[in-house]
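Remarks on the overall topology
Each chain, written out:
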Amino acid sequence: MQKNRILAGVLGCMLICSHPSGSLAAAEHMQTPDSGQSVIQNTVPNPDQSKEAGAPYELEPDYNDPDYVKKLFLQEDESSAQSEPFTFKSVQAQTTKSPFTGLVYTHAAQLGDCDIVNGIDVSKWQADINWNKVKAAGVKFVFIRCGYTALSKDFAMYEDEYFRKNIQGAYDAGIDVGVYFFSNSITTNEAKKEAQKTLDLIRDYKHMITMPVVYDFEAFSNAYRAYGLSKAQVTKNVIAYSDLIEQEGYTPMYYGSPNFLDSSFDVAKLSKYDCWLANYTTKTTYTGDYTYWQYSSTGQVNGITGNVDCNFFYSGQAGEIEDPDLNPDDFQEGFGPVSGLTMADHDTTEITIQWDPLENADGYKIYRSKSYGGAYKHLKTINWNEVTAYTDDSVMESEGRQYYYKVVPFLLDEDGNMKYGSESEILTAYTERLHKFRLKTTSNVHLREQAGTEYPSAAVVPSGTGLPFYKFTLSTLDQKWYKVTYSQNGKSYTGYLSGNYVTIYTYGNTTKNVNVRSGAGLTYKILRTIPKGTKVTVTGNAKTVAGTKWSQVKYAYKGKNYSGYIPKKYIRQI
């Protein structure tokens, strides 16, 4: 019955598309999966011909898997997409040749200063992958499907059966890893459940994930349970999913084609999240913001049998300001920089910076980077000389998380055009730290002078070393680095340790007699009850779908060591 419903849904779409008066409407509402291109087809594909069509055939058919249905029924003719006329032209646009399709791609002018990195995305439909060959073929990053919500009427989520094998293989081969979850959520509550399912699946692999965690919503035909969902509801679902992902320290991102981004997402309300553009063409005309571009579903990569999705990642210039309005021709020689730039105040949700007023300045532009070596994004324009402070309330709620700021003064000419002065030195600021944290190294690890493997090593910290830390920063791809002071042979060194090689823990006392459970939630088995005042080591945190926070703890009781979960609210950190 499920297969028949899907076939009927696809056939209905195709019949509309084949009608002369219906083809345009169908193209506006029907998105090619992953690519997001409009599709017009006149015949129903024959499942027996799936191998020739490039559809998945290594595994048993699964008509409840959204990735299977999209690959099977909606294969795009990329050759026609690549020959479409391109009207937007700019001398600043870059062109590169993909090693996986052999075609030349023109990149958007606003991304002209970015480094362009080649990558792919995979699911179980690529079956067994030789990741060492994939790495040697030039793949620098991969998005791996961790799970999906089924096409069935009832809400049901499943793990991608190749997820664990894929993420371990990609990581071992030295490929940067992100993950995506194929959503079919209808309500915000379902989207939160999808987020929790994602977090449960990736929890053991957190140290491997240095790229975004993606909400992949593609209800492009009535075969999908979420087909026809309103733009307002889709947007709410994206936010519900992404906020839970971000609370756990990951970078959230959403995915869509140009048509789908226009019809099903309120992009203006999603500006705080990265966007993964899906557009199967050699020259996208999409002018919105995006960080990744999925440009083909028929790439050929050594180490993978059959077709694979191909992507570009636009990596910002290290330490540079990304602002198309900052034209070098508008630079005013001898003007600036501002002085006295400092952090004036902070708490766990806000950072306030201030600087001295610059004589003759008509205002200031403020920029921020999440990492020491990352790109600086525009935060605020202040059109007044005497206003020399800014409160950044867009930081993630955290303790000791570092951010980096620059201030650029400007003048206004008679026509109101801006002339820019020199940018300030980098200000390192951070959210307030309320508690003590500790870490233990899991191997011999370099203590870097700044957050990144490209920076010099100040010392080597032996495996098993316990150290306090008071803040952390993020490297270029949002990998965590921890700032510590380490003493060796009578000398002290201050620098950064990679989060890949440390275990984080805190200490606390229980504030009441509390049940220790086998998992994070009241439905899990009670292992034992420990008295008020018991000292525990907090080794991790989790959140239930209802939003209740739990801590994973280790503790000693009557001479024996135990572990389990207790509500976070019953722990007072020490």
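Attention here is on the structure that accompanies the text. All values reported here derive from a predicted model rather than from experimental measurement.

Definitions and cut-offs
- Residues numbered from 1 in each chain as written.
- Predicted model: local features only at pLDDT ≥ 70, side-chain atom pairs only at ≥ 80, totals over all residues.
- Heavy atoms only, no water.
- Helix = DSSP H or I, 4+ residues; strand = E, 2+ residues; numbered from the N terminus.
- Buried < 20%, exposed > 50% of the residue type's maximum accessible area, 1.4 Å probe, protein only.
- Contact = heavy atoms within 4.5 Å.
- Areas by Shrake-Rupley, 256 points an atom, 1.4 Å probe, with all protein chains shown as cover.
- Pairing = 2+ DSSP bridges.
- Axes fitted to C-alpha atoms, helices over the stretch in contact; angles between N-to-C directions.
- Phe/Tyr/Trp six-rings, centres within 6.5 Å; stacked < 30°, edge-to-face > 60°.
- Expected span 1.5 Å × (residues − 1).
- Arc of directions from axis to C-beta.
- Salt bridge = Lys/Arg side-chain N within 4 Å of Asp/Glu carboxyl O.
- Parallel < 35°, antiparallel > 145°, perpendicular 65-115°, else oblique.
- Left-handed = near helix turned anticlockwise from the far one by under 90°.
- Nonpolar A, V, L, I, M, F, W, Y, C, P; charged D, E, K, R; others polar.
- Core = buried A, V, L, I, M, F, W, Y, C linked by side-chain atoms within 4.5 Å.

Focus: the overall build of the protein
- Each helix and strand in the protein was counted, giving nine helices and 33 strands.
- A total of 574 residues make up the protein; the buried ones form 51% of that total.
- When contacts within the protein are restricted to residue pairs at least 6 apart in sequence, those whose partners lie at least 24 apart make up 63%.
- By element, 47% of the accessible surface of the protein is carried by carbon and sulfur atoms, the whole surface being about 26200 Å².

Things to note about the sheet that holds strand S13 (residues 342-346)
- Strands sit in the order S13-S14-S17 across an open sheet of three strands; the sheet is antiparallel. Taken across any chain shown, the strands that pair with only one partner, and hence form the sheet edges, are S13 and strand S17 (389-392). Put simply, the sheet's adjacent strands are angled 25° from each other on average, direction ignored.
- Across four bridges, strand S14 (residues 351-354) lies against S17 in antiparallel orientation. In the sheet register, Ile351 faces S17, and the bridge partner there is Asp392.

Focus: the packing of aromatic side chains
- Enumeration according to the criterion identifies 25 aromatic pairs in this entry.
- Ring geometry for Tyr290 and Tyr314: centres 6.0 Å apart, planes at 75°, overall edge-to-face. Highlighted residues: Tyr290 in the loop between strand S9 (274-278) and strand S10 (292-299) and Tyr314 in strand S11 (residues 308-315), separated in sequence by 24 residues.
- Exposure remark for Tyr290: the relative accessible area of 7% places this residue in the buried category.
- Take Tyr314: its relative accessible area is 4%, and that puts it in the buried class.

Some points on helix H8 (residues 231-247)
- With 17 residues, H8 extends 24 Å from end C-alpha to end C-alpha; this agrees with the ideal 24 Å at 1.5 Å per step.
- For H8, the full list of buried residues reads Gln233, Val234, Thr235, Asn237, Val238, Ala240, Tyr241, Ser242, Leu244, Ile245 and Glu246.
- Turning to H8, the residues buried within the fold contact strand S6 (176-183), helix H7 (188-202), strand S7 (209-217), strand S8 (252-256), helix H9 (258-264) and strand S30 (535-543).
- Downstream of H8 by one or two residues, Gly249 has phi in the positive range, about 90°.

Let's talk about helix H6 (residues 163-172)
- Restricting attention to buried positions, one finds in H6 the residues Phe163, Asn166, Ile167, Gly169 and Ala170. The arc enclosing the buried residues of H6, seen along the axis, measures out at 165°, which places them on a common side. Counted as exposed and oriented over 90 degrees from the buried face of H6: Lys165 and Asp172.
- Just downstream of H6, Gly174 is the residue with a positive phi angle, here 85°.

Examining the pattern of salt bridges
- Within the structure shown, the criterion is met by eleven salt bridges.
- With a shortest N-O distance of 2.8 Å, Arg164 and Glu159 are connected by a salt bridge.
- Taking the relative accessible area as the measure of exposure, Arg164 reaches 34% and is therefore partly exposed.
- Taking relative accessible area as the criterion, Glu159 reaches 31% and is therefore assigned partly exposed.
- The salt bridge partner of Asp266 is Lys269, with a shortest N-O separation of 3.9 Å.
- For Asp266, a relative accessible area of 25% puts it in the partly exposed group.

Here we look at the packing of H7 against H8
- Direction vectors running N to C along H7 and H8 enclose 30°, while the axes themselves pass 8 Å from each other. For the element pair H7 / H8, the angle class is roughly parallel. When you trace H7 past H8, the crossing you get is right-handed. Two secondary-structure elements touch here, H7 through Thr188, Ala191, Lys192, Glu194, Ala195, Thr198 and Leu199 and H8 through Gln233, Lys236, Asn237, Ala240, Tyr241, Leu244 and Ile245.
- Within the contact of H7 with H8, the residues separate by chemical class into seven nonpolar, four polar and three charged.

Structural notes on unusual backbone geometry
- Pro337 follows Gly336 through a cis peptide bond whose omega is 5°.
- With respect to the secondary-structure elements, Pro337 resides in the loop between strand S12 (321-322) and S13.
- A positive phi angle is found at Lys558, which is not glycine, with a value near 55°.
- Structurally, the position occupied by Lys558 is in the loop between strand S31 (549-557) and strand S32 (560-567).

As for the nonpolar core
- The biggest cluster of nonpolar side chains holds 66 residues, and the ones touching the most others in it are Ile120, Trp131 and Ile202.
- The residues touching Ile202, leaving out its near neighbours within four places in the chain, are Cys146, Phe163, Val179, Ile209, Val213 and Tyr250.
- One finds Tyr364, Ile366, Tyr405 and Val407 within the second-largest nonpolar core, a separate group that totals 19 residues.

A short note on the side chain of Thr388
- Among the structural elements, Thr388 can be located in the loop between strand S16 (376-382) and S17.
- In this structure Thr388 comes out as buried when scored by relative accessible area, which is 14%.
- With sequence-adjacent residues up to four places away left out, Thr388 is seen in contact with Ile353, Gln354, Trp355, Asp356, Pro357 and Tyr364.

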